[in-house]
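# Working through the structure, step by step
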Amino acid sequence: MKQALAFLLSVVAAVGWAQAPAQPALDYDLLIKGGHVIDPRNGIDAVRDVAVKDGRVAAVASSLDASKALKTVDASGLYVTPGLVDIHVHVYPGPKTNDYAGGDSSIYPDGFTLRSCVTTVTDAGSSGWRNFDDFKSRIVDQAKTRVTAFLNIVGNGMGSGPIEQNLADMEMQPTADMALKHKGLIVGIKSAHFNGPEWTPYEKAVEVGRLAKIPVMVDFGGNVKAGRTLDDLFGKYFRPGDIYTHMYGGVRGEQDPETKGPSKAMIDGRKRGIIFDVGHGGTSFRWSTAMPLMKAGFLPDSISTDLHTTSMNAGMKDMLNVMGKFMAAGLSLRDVIAKSTWNPAREIQLEELGNLSVGSPGDIAVLRVEKGKFGFVDPLGGRMDSSQRLSCEITLRDGKVVYDLNGLTAERWDTLTSGARGGDPRWDNTRGRRR
Amino acid sequence: MTCALVFALLATTVTPRAQTQEFDLLIKNGHVIDAKNGVNAVTDVAVAGGKIARVAANIDPKLARRVVDASGLYVVPGLIDMHAHVFYGTERDAYLSNGESAVPPDSHSFRAGQTTLVDVGGAGWRNFGQFKEQVIDRARTRVLSFINIVGSGMKGGPVEQNLADMDARLTAMRIKQHPGVIVGIKVAHYSGPEWDPVDRAVAAGKEMNVPVMIDFGGHTPPLGLDDLLLKHLRPGDILTHTYAHVAGRIPIVDDNGKVRPYVWEARKRGVIFDAGHGGGSFLFRQAVPATKEGFFPDVISTDLHTGSMNSGMKDILNTMSKFLNLGMPLNDVIKANTAKAADVIKRPDLGHIGVGAEADIAVLNLRKGKFGFVDIAGGKLLGDQKLECELTVRAGQVVWDLNGIAAPMWTDLPRK
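Residues numbered from 1 in each chain as written. Chains lettered and ligands numbered in written order. Predicted model: local features only at pLDDT ≥ 70, side-chain atom pairs only at ≥ 80, totals over all residues.

Turning our eyes to something else, we now look at the interface of chain B and chain A. At the interface, 56 residues of chain B touch 54 residues of chain A. If you list the elements that add at least two residues to the side of chain B that touches chain A, you get α2 (105-108), α8 (284-292), β13 (361-374), β14 (379-394) and β15 (397-401) of chain B. Sorting elements by how many residues they give to the side of chain B that touches chain A places β13(B) first, with four residues. When its residues are assigned to classes, the side of chain B that touches chain A shows 22 nonpolar, 25 polar and nine charged. Sheet topology note: the strand β17 (residues 411-412) of chain A/β14(B) ladder contains two bridges and is parallel. By the bridge assignment, Arg412(A) is partnered in β14(B) with Lys380(B). (Contact = placed C-beta atoms within 7 Å. Helix = DSSP H or I, 4+ residues; strand = E, 2+ residues; numbered from the N terminus. Nonpolar A, V, L, I, M, F, W, Y, C, P; charged D, E, K, R; others polar. Pairing = 2+ DSSP bridges.)

Here the focus is the packing of helix α3 (residues 172-181) of chain A against helix α4 (residues 200-212) of chain A. When two helices pack together, their arrangement is captured by the angle between the axes and the distance separating the axes. All names here are of chain A. With their axes 9 Å apart at the nearest point, α3 and α4 run at an angle of 40° to one another. With respect to each other, α3 and α4 are oriented oblique. For the pair α3 and α4, the crossing hand works out as right-handed. Across the interface between the two elements, Met172, Thr175, Ala176, Ala179 and Leu180 from α3 touch Lys204, Glu207, Val208, Leu211 and Ala212 from α4. (Axes fitted to C-alpha atoms, helices over the stretch in contact; angles between N-to-C directions. Parallel < 35°, antiparallel > 145°, perpendicular 65-115°, else oblique. Left-handed = near helix turned anticlockwise from the far one by under 90°.)

All names here are of chain A. With domains assigned, chain A is organised as domain 1 (2-81 + 365-372 + 386-415) and domain 2 (84-356). The straight-line distance from the C-alpha centre of domain 1 to that of domain 2 is 31 Å. If you list the elements that add at least two residues to the side of domain 1 that touches domain 2, you get β1 (28-39), β2 (44-53), β3 (56-61), β14 (364-377), β15 (383-397) and β16 (400-404). Counting residues per element, the side of domain 1 that touches domain 2 draws most heavily on β15, at eight residues. Partitioning the side of domain 1 that touches domain 2 into residue classes produces 13 nonpolar, six polar and five charged. (Domains from an automatic or database assignment.)

All names here are of chain B. Helix length check: helix α10 (residues 330-344), at 15 residues, gives a terminal C-alpha distance of 20 Å against a target of 21 Å (1.5 Å per residue), a fit within 8%. Along α10, the sharpest change in direction is near 50° and occurs at Ala336. Taken as a whole, α10 has its buried residues at Val333, Ile334, Lys335, Ala336, Asn337, Thr338, Ala339, Lys340, Ala341, Ala342 and Val344. In this structure, the buried side of α10 is in contact with β1 (25-34), β5 (74-77), β6 (79-84), β11 (238-239), β12 (272-273) and α9 (316-325). (Expected span 1.5 Å × (residues − 1). Bend = angle between axes of the 7 residues up to and from the residue. Buried ≥ 20, exposed ≤ 12 C-beta atoms within 10 Å, placed from the backbone.)

Here the focus is the sheet that holds β12(B). All names here are of chain B. Here seven strands make up an open sheet; going across it, the order is β6-β7-β8-β9-β10-β11-β12 and the pairing parallel. Of all strands in the sheet, those bounded by a partner on one side alone are β6 and β12. Strand direction decides the pairing type here: β11 and β12, joined by two bridges, are parallel. Along β12, the bridge assignment pairs Ile238 with Ile272. Across the sheet, α10 touches β6, β11 and β12, and the angle it forms with β6 is around 55°.

Structure follows, in structure tokens:
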């Protein structure tokens, strides 16, 4: 079928597209009209038209002229936001067993991201400096999704069992060298799952963060058993801008034992400028932790999934489901969008992402707020009901449609002549797996 | 200490329990569609020990540890996808045979109500062992295989054009080693003028009593579709990509918008027609006139791979919904991917929820509203109904629960 398809497409390219009348150069490749734009970076929360050209945002205004666009989409009743940014995923799959670093605990990004309006993900430490090149060539360079990474302080990355506990494999110089070599792709350093009493992993991760001028993200591992405290992590080791993930995990001292609200360490940490990230995952978001913390005003800075094989079919599901939980908990759509776009983009210092400023990459989400009866489950198996959820209508990556749930950008089938195809390579990239 | 323990044990044993909870899971008040067992009504389904334990109206909820209210939903056997590509791996340029064009099964199956995926032709007799170890044995999804007539499997390029690597005898031997797991033989992508790939696959199929599935097209010069359907294939063999119009294959609908008479004749003689949507194989320009004439597919499969998953195909429920909106009755759509699919792959234990069957169940929501469905040419059909998966049960375990209908409220969980 591969050859046949290639042939078909070449025929279609010759017949279908060539038949289109020659057009003068247009200002926009794609114009999204009449949607409600939420762009927290630019303070926009209103109905606006958004146009892209040559892969970038070309204009955002109350009314843009459809005759200047190759293609116009009606987004009335829908929300148009920056492409979602999920800074905690595991997308380095491979043949190893029970392993995030080239193993079957990781998943391929494109099967989950684009259909959820996610355009950028950050792999949270699946690879270390020893296997980053393999991760880059097999996944980062192949995916339609924009894939960035927190490099693990462990050289072998997030291997199973003793690999992550090996203090001798936490080498600062090669980790920093790799991070500096891929500035903008490696956006941070990760430490995770460490169970010993030492502070070595955190000291080294932060030191590499200093050398490479990037943040660290910490999954605090077995801190309670090992005697390490959140207060020490935030007060003695973290810098402002470093990221504490699994903030609603509820097993590492996040909650005050009496009030069940945020512990003093969490409150003090926020005052110090520590960033708090959701990192839902298979076990790290409990309603019984999240609700009292949120009621006390302790909201996440960024919403993320911790996508991997054991979270993908459980309470987590996908980015929109996790965002739906925060709407169920009472956050406004605007806040939820901010925590899934501009906030995480700033956290990973990629400020050209997570916004719709003119000139930014054309990574755009077109979302629907569905009304009805929905439920959201946590890893303990408890449900929260909600009257709304988010669904993804269209995803644009670099100005091209990479997902279109209901064919809002498609032509009626009977308007296409035999052998012709809709879409146009200038704005349509829904077919095939490569960028 | 001993006394306390004895007392505790006594207390446990003597505490009167209202009734024995004989069921692990009870799905109540759903509309059950189980074509094989002739059930098409609102009734209850109970599961115990991973098997279907009872299907009856008004089963007492006190008898079950977990009760799901499926009012307004459809309860059907776990869906079977007859055409998927899940032999994923890290070999460069290996396409759908240990390559990165194939997808991991669990990433796509349960969220769409599928409990069985049939990989068609990823592996050949040479690398079936690797497929089994790497994917089949590790997946929670039940993964079955149509083994490729090419010994090296679907690796693309010249590998799939090598007649010398298409050996009926060795293919049959591999099937014999894995009865019920290798459930058929696949022929695909061959572009030469010979019938050998088809005929050798059929020979192996005859020897092992399994069907062959043909992805036909790309032949130079083209081979006759009529010859394939009426002469080379047996009743029970499968033409996939039914509604495709690709180079080197005659489409089933002619230039006057009519299904070719020999296609109808092939259906009468028992050839199976599979949708096999994929990234290049489903056109409304074919499907609309064909289905207007009543030519619906026998089975509705995805041809899932990385090139189709984010395009017009998306998943099996989106693909099934296309046929719903083309006028195929819901019962037939469900039957196609349950009882009929099980029949085609000769796995009569699957595709139904009779008592004693392994408890593979999908609970589906038939949503009403305004939906759009896109074909591989980027053409759109508007529709007013679409299937969504609420709950998937695999061997009695809940493996997907979209809205937590099998979950208690978080405030009702026991506090630690």
